[in-house]
Amino acid sequence: MKKYDYVLVGSGLYAGVWANEARKRGRRCLVVEKRNHIGGNVYCEEVEGIHVHRYGAHIFHTSDRAVWDYVNGLAEFNRYTNSPMANYRGEMYNMPFNMNTFSKMWGISTPKEAMTIIEKQRRSVVGEPANLEEQAIRLVGTDIYKKLVKGYTEKQWGRDCRELPAFIIKRLPVRFTYDNNYFNDLYQGIPIGGYNVMIDKMFEDCDIHTGIDYLEHRDYYEKLGEVTVYTGAIDAFFEYQFGRLEYRSLRFETETLDMENYQGVAVVNYTDRETPYTRIIEHKHFEFGTQPKTVITREYPEDWKEGAEAYYTVNDEKNQQLYQKYAELAAQEKKVIFGGRLAEYKYYDMDKVIASALGRIRKYGM
C-alpha cells in the first residue's frame, strides 16, 4: 500500500482540480512543485495591500456554467470586466476593436462608416493570405493592422509578421458596437482576495513539497504514489528523446509607485514596435483597489531558453508533429496521467484547463 493515491507534479489549475476532487473522495495527494510556491502561473503576491499577478494578468472568463459554478465554490468572484487599452505612440485606443476604436482612428460615428472603411482596406489582400500580415489585413484592414496588431505581434513572437504563418491569427474580434468588454463569455471576474484564495482551497489537506524538481527525483516519488498526475513539460518527462519542443517566454519588471493611479486601467498594450514591452499591468484595478500606492508590471516577450519559464507553445506544424511523438509515448504510460498546458503542449485558457481536468477525472473514474 503506497502512502499517496496521487502524486501531483506541478501545482497549477489542472493539478488543483485533481487535488480538490481527490479530497472530496477521501484520497491522499502529494504535490511536488519546482517553484517555491503553489499556484502555477495564477499565483499572486501581496505588495502594499495589492494582489500582484506575478506571472502576468489572469482574468477568469467562461461561458461554461458548470466551470463558473465550480470556481465560485472555491472563492467568491468580483465583477471585474476586462477592458484593456492600446497605446500606439501615445494615441490611446479601446480594445477589442469596436466603434470606440474606429471613432478615434477615423473620426467617424456610425457602424456603416466603419464597415465601409474596413471593407475597402481588406481588398488590398487578394487570394488566400500567405502570412500573418495578409491574414490580419484581411480581417481588420490596413490601418488597424499597422497601428494595433503589427508591432505587438512582432514583439510577442520575435519575428516579422510576414515571416509568421497566417493560421496564428485565425480571427480578430471586430465589433460594430460601442462595447469595450474584451470577452464574449457570459461570466468573468477575479477572485476576491486574489487567486491564492482559490488555490489554497484546491490544495487543502495535501502534503506539499516546493522547490523540488520532480524529474530529478522521479524514482523516489514514483514509489510514494499509486498514480502520477504530471503537468510539466512532456518532452522533459521523456528526456527529450525526439528533440525539444519550442516555446516563447516572458520577463516581468515590477515596481511599486508612490501614487494612487498610474494608468487608469488594469492592462495597457503597447502596440508600436519600438517600445520593448508588450503591455503594462496595474494590478490594483483587478480588484478596484483604493490603496495609496500602486504596483505596475512591464511584460517583455523573450525567446525561450532552457531554464526559463515556458509560457506559450509554438503551435506550428513542426512542433505539433514532434508533440504527437511524445503523446504516443504518454499514451503507453499506465500509471501516469498527462494534463495541462505543458503536458499537452497546448495554449489553455483557465476555464478550459479546469474543464479538461474535470473531464479527465470523469473518464478516469476517480
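Caption draft 1: Region of interest: the sheet that holds strand β10 (residues 225-230). If you walk across this open sheet you meet the 5 strands as β9-β2-β1-β10-β16, and the pairing is parallel. For this open sheet the edge positions go to β9 (207-210) and β16 (336-338), each flanked by a neighbour on one side alone. When the angles between neighbouring strand axes are averaged without regard to direction, this sheet yields 20°. Of the pairings in the sheet, the one linking strand β1 (residues 4-9) to strand β2 (residues 29-33) comprises 4 bridges and is parallel in character. Residue Val9 lies in a different strand from β2, and its bridge partner there is Val32.

Caption draft 2: Quick look at the packing of aromatic side chains. Taken as a whole and judged by the stated rule, the model has 29 aromatic pairs. Where Phe102 meets Phe176, the ring centres are 5.7 Å apart and the plane angle is 40°; that geometry is what we call tilted. Highlighted residues: Phe102 in helix α3 (residues 99-106) and Phe176 in the loop between α6 (142-157) and β8 (187-189), separated in sequence by 74 residues. Accessibility expressed as a relative area gives 0% for Phe102, which makes it buried. Residue classification places Phe176 among the partly exposed residues on the basis of a relative accessible area of 25%.

Caption draft 3: Examining the sheet that holds strand β12 (residues 267-270) more closely. Strands sit in the order β7-β6-β12-β13-β14-β11-β15 across an open sheet of 7 strands; the sheet is mixed. Either end of the sheet is taken by a strand with one partner, and the two such strands are β7 (91-94) and β15 (312-313). One ladder, built from 2 bridges, connects strand β11 (residues 247-257) with β15; its direction is antiparallel. Within β15, the position partnered with Arg248 by the bridge is Tyr312. Sheet contacts for α6: β6 (85-88), β7, β11, β12, β13 (279-282), β14 (294-303) and β15; angle to β6, the most-contacted strand, approximately 90°.

Caption draft 4: Layout of the pairing of β10. The buried fraction of β10 amounts to 5 of the 6 residues, a majority that puts the element mostly inside the structure. Bridge analysis of β1 against β10 gives 5 bridges, and the strand direction is parallel. Residue pairing for β10: Leu8 is matched across the bridge by Val229.

Caption draft 5: Seen up close, the environment of Phe77. Position of Phe77 among the secondary structure elements: in the loop between α2 (65-72) and β6. Among the residues examined, Phe77 registers a relative accessible area of 9% and is labelled buried. In this structure, the C-alpha to C-alpha distance between Phe77 and Ile192, residues 115 residues apart in sequence, is 5.4 Å. Each residue touching Phe77, except ones within four places of it in the same chain, is listed here: Phe60, Trp68, Val71, Asn72, Gly189, Ile190, Pro191, Ile192 and Met198.

Rules of the game
Residues numbered from 1 in each chain as written. Predicted model: local features only at pLDDT ≥ 70, side-chain atom pairs only at ≥ 80, totals over all residues. Heavy atoms only, no water. Pairing = 2+ DSSP bridges. Helix = DSSP H or I, 4+ residues; strand = E, 2+ residues; numbered from the N terminus. Axes fitted to C-alpha atoms, helices over the stretch in contact; angles between N-to-C directions. Phe/Tyr/Trp six-rings, centres within 6.5 Å; stacked < 30°, edge-to-face > 60°. Buried < 20%, exposed > 50% of the residue type's maximum accessible area, 1.4 Å probe, protein only. Contact = heavy atoms within 4.5 Å.

Function-wise, these values are silent; they only describe arrangement.
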